[in-house]
Amino acid sequence: MSPRREGGGAAGAVPSSEPDVVVVGAGLAGLTAAYTLAKAGHEPLVLEARGRVGGRVLGEPLDERVSLDLGGTWFGPSKHRLTALAAELGIGSHPTYDRGARLLDYGGRVRRFRAGLPPVPLPDLVAAGRATAGLDMLARTLPREAPWLAAHAEAWDRQSLGRWLDDRIGTGRGRALVDIAVRTVWGAEPHRITLLQALSYIDSLGGFEALTRVKGGLMADRFLGGAHRVTDALAHRLHGRVLLRSVVRRVRQSGSAVEVETDTMTVRARRAVVAVPPALAAEIDFTPRLPAARTRALRGLPMGSIVKVFAVYDHPFWREHGLNGQMVSDRPPVTSTFDLSPLDGSLGVLAGFVPGSWARAFSALPAAERKEAVLASLARVYGPAARHVKRYVEKDWTADPYARGCYFGLAEQGLITGPLADMGTPDGLVHWAGAETTWQSFGGMEGAVASGQRSARRILAGLDGGRRPSPEHGSVEPEAVS
């Protein structure tokens, strides 16, 4: 059955021919898979539940020149697939602003510091340093692409990071330093994260320090104009092969075909790619039923909890005081900030994070109280000028029905050495993509791109070669981004 559409939005006209592959989800992973297939001459169709593309990549325009990255923002020096794809799409990048001193709000005092050790009491610093050095040492023993093969993987998979820290650093002030970083980076408290997942993530970035570092670390670079330009450009090159407001309810495999059903249409294709967050994929009705291990894996990856907040000013006033806009705090609600101002400094933008249980408590407050709590946090560290915002913006990812949280899935105990090891393996004609289906930058934009390319390669290997698209469907070769 050819796809038919009744109502709702679309990223272009519905393709007139039956697709080779149906992709469920127009996030970075799904769009990458579809784009890779289209370049090889196949006919993909992407079904997206939202009224927009991008998934956990989302831009909010401030004016005709400046957008805020409400979702995925930064990438580090090892993100080769992501940067190569962006370059192919004509999208450049620039370093994150990092000139000046940082601020540490710790133990009731605000201190400034530059590179090197933070200004905290020596016993606290030693305790935190020993714990993070121990994590680095264990992380280096993991096979990077297969953490479940580590010698102690099963024990680490059944132990929480919090329990490991309890045994080595207790609950003192040094522990508070580590907990700040853990909450901000994972969007959860240490007891919600398995030790094996924490070690794998630390290893992928080259050490615990890189988790919160700008230069050479997790937040090293940003895309010019925002990360959403990557997903927008991919959708543009798919020339009408993306249908919005199309919630997939059922996926049926029969013989050599797969049927994907929404509330308004059924699409028949030779393969399907499911590229939505695991919790959403678990709600799709599959026929035949998915293997029990797959279902357990999908249900065992709840998202972290993050509210991302933005304070927009007439100019980046903190730079005038020798500050780089980076702050770390052990007091709620905002645990960290970064300078996301446009390159020309025409506006000042501080982006902050409210993570974990603090995010859930914050989300329950009325809107006016949330804004006041954020501005109070910023004024405490940046001074009274931080209250005079031009605009305040927030994105509560815990309240997003098609994300269920952010940044990525947090594995329940025992899953990484169990069903998560096979997350990228197809189930019959159904292939899997998404940042949680690969251990190449698990949960991040690089992982999303890697998973989309992997699923496309496997599908291409199983189909009857790549045919070139006919002129009526347009070329998907690189072209200027509008």
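## A word on the packing of helix 1 (residues 28-39) against helix 2 (residues 80-88)
Okay, so step 1: Closest axis-to-axis distance for the helix 1/helix 2 pair is 13 Å, and the angle between their directions is 60 degrees. Classified by the angle between their axes, helix 1 and helix 2 sit oblique to one another. The handedness of the crossing between helix 1 and helix 2 comes out as left-handed. Every residue of helix 2 that contacts helix 1 at L28, T32, Y35 and K39 is listed here: L82, L85 and E88.
Okay, so step 2: Split by residue class, the contact of helix 1 with helix 2 holds 4 nonpolar, 1 polar and 2 charged.

## Notes on the packing of aromatic side chains
Okay, so step 1: Counting across every chain of the model gives 16 aromatic pairs.
Okay, so step 2: With a centroid separation of 4.7 Å and an interplanar angle of 25 degrees, the aromatic rings of W439 and F442 are classed as stacked.
Okay, so step 3: Given a relative accessible area of 5%, F442 falls into the buried group.
Okay, so step 4: Site record: aromatic cluster; members linked through ring pairs are W74, W148, W186, Y201, F338, F353, Y407, F408, W439 and F442.
Okay, so step 5: The aromatic ring of Y106 is capped on one face by R173, whose charged end is 4.6 Å from the ring centroid.

## Regarding the pairing of strand 14 (residues 271-274)
Okay, so step 1: Residues R271 and V273 line one face of strand 14 and the alternating positions A272 and V274 line the opposite face, and both faces are buried.
Okay, so step 2: By the bridge criterion, 4 bridges tie strand 1 (residues 21-24) to strand 14 in an arrangement that is parallel. Note that in strand 14 the partner of V24 across the bridge is V274.
Okay, so step 3: Alignment of strand 14 against strand 21 (residues 430-432), held across 3 bridges, turns out to be parallel. Bridging from a neighbouring strand, V274 pairs with W432 of strand 21.

## Remarks on helix 11 (residues 356-363)
Because each turn of an α-helix spans 3.6 residues, side chains separated by three or four positions end up pointing in the same direction.
Okay, so step 1: Listed in full, the buried residues belonging to helix 11 are G356, W358, A359 and F362. Seen from one end, helix 11 has its buried residues packed into an arc of 135 degrees, which puts them on one side.

## With respect to helix 13 (residues 445-462)
Okay, so step 1: With 18 residues, helix 13 should cover 26 Å at 1.5 Å per step; its first-to-last C-alpha distance of 26 Å lies within 8% of that length.
Okay, so step 2: Along helix 13, 13 of the 18 residues are buried, which leaves the element largely enclosed by surrounding structure.

## Notes on the sheet that holds strand 14
Okay, so step 1: Across the sheet, 5 strands lie side by side as 10-2-1-14-21; this open sheet has parallel pairing. Bordering the open sheet on either side are strand 10 (242-243) and strand 21, each of which pairs with just one other strand.
Okay, so step 2: Running over the sheet, helix 13 touches strand 1, strand 14 and strand 21 and is turned about 150 degrees from strand 21.

## Quick look at empty space enclosed by the protein
Okay, so step 1: Scanning the model with the defined rule gives 2 cavities of 30 Å³ or more in all.
Okay, so step 2: In this structure, the largest cavity spans a volume of roughly 50 Å³.
Okay, so step 3: Lining of the largest cavity is provided by V274, V276, P277, P278, A281, L298, M423, W432, A433, G434, E436 and T437.
Okay, so step 4: The residue makeup of the lining of the largest cavity, split by class, is 9 nonpolar, 2 polar and 1 charged.
Okay, so step 5: Of the voids in this model, the second largest cavity is the one considered here, and its volume is about 30 Å³.
Okay, so step 6: Taken together, Q197, S200, Y201, S204, W439, S441 and F442 form the lining of the second largest cavity.
Okay, so step 7: Classifying every residue of the lining of the second largest cavity gives 3 nonpolar, 4 polar and no charged.

## A closer look at the nonpolar core
In globular proteins that are soluble, nonpolar side chains generally tend to be buried together.
Okay, so step 1: The biggest cluster of nonpolar side chains holds 92 residues, and the ones touching the most others in it are L47, W186 and V274.
Okay, so step 2: Aside from chain neighbours lying at most four places away, what touches L47 is V22, V23, V24, G25, A26, L243, S246, V248, V260, T262, M265 and V267.
Okay, so step 3: Within the second largest apolar cluster, 38 residues are counted, among which are V53, L85, A433 and I459.

## Considering the environment of K371
Okay, so step 1: Of note, K371 is situated in helix 12 (residues 367-382).
Okay, so step 2: Once the C-alpha coordinates of K371 and A311 are considered, the two residues, 60 residues apart in sequence, prove to be 9.5 Å apart.
Okay, so step 3: Once residues within four sequence positions are removed from consideration, K371 is found in contact with V389 and Y392.

## Looking at the sheet that holds strand 6 (residues 93-95)
Okay, so step 1: Taken together, 3 strands build an open sheet; the order of strands is 5-9-6 and the sheet is antiparallel. A strand with exactly one partner marks an edge of an open sheet, and here the two such strands are strand 5 (74-75) and strand 6.
Okay, so step 2: Summarising the sheet, strand 5 and strand 9 (residues 221-223) pair through 2 bridges and their orientation is antiparallel. Paired with W74 across the bridge in strand 9 is R222.

## Some details on the packing of helix 3 (residues 122-139) against helix 7 (residues 195-205)
Okay, so step 1: Two elements in contact, helix 3 and helix 7, have axes separated by 9 Å at closest approach and are oriented at 85 degrees. Taken together, helix 3 and helix 7 sit at an angle that is classed as roughly perpendicular. Facing helix 3, whose interface residues are L135, D136, L138 and A139, helix 7 presents L195, L199, I202 and D203.
Okay, so step 2: The residue inventory of the contact of helix 3 with helix 7, partitioned by class, reads 6 nonpolar, no polar and 2 charged.

## Describing the confidence of the model for the protein chain
Any region with low pLDDT has predicted coordinates that should not be read closely.
Okay, so step 1: Residues of the protein chain with pLDDT of at least 70 account for 93%, and the chain-wide mean is 91.
Okay, so step 2: Residue range residues 1-9 is modelled with pLDDT below 50. Its contacts to residues more than four positions away, or to other chains, number 27 contacts.
Okay, so step 3: A low-confidence stretch, residues 466-482 (pLDDT under 50), is modelled with 40 contacts involving residues beyond four sequence positions or located in other chains.

What counts and how
Residues numbered from 1 in each chain as written. Predicted model: local features only at pLDDT ≥ 70, side-chain atom pairs only at ≥ 80, totals over all residues. Heavy atoms only, no water. Axes fitted to C-alpha atoms, helices over the stretch in contact; angles between N-to-C directions. Helix = DSSP H or I, 4+ residues; strand = E, 2+ residues; numbered from the N terminus. Parallel < 35°, antiparallel > 145°, perpendicular 65-115°, else oblique. Left-handed = near helix turned anticlockwise from the far one by under 90°. Contact = heavy atoms within 4.5 Å. Nonpolar A, V, L, I, M, F, W, Y, C, P; charged D, E, K, R; others polar. Phe/Tyr/Trp six-rings, centres within 6.5 Å; stacked < 30°, edge-to-face > 60°. Buried < 20%, exposed > 50% of the residue type's maximum accessible area, 1.4 Å probe, protein only. Lys NZ or Arg CZ within 6 Å of the ring centre and 35° of its normal. Pairing = 2+ DSSP bridges. Arc of directions from axis to C-beta. Expected span 1.5 Å × (residues − 1). 1 Å grid on protein atoms, 1.4 Å probe; cavity = no way out; pocket = protein on both sides within 12 Å on 5 of 7 lines; lining within 4 Å. Points joined across faces, edges and corners; volume = space filled by probe spheres on them. Core = buried A, V, L, I, M, F, W, Y, C linked by side-chain atoms within 4.5 Å. pLDDT = per-residue confidence, 0-100.

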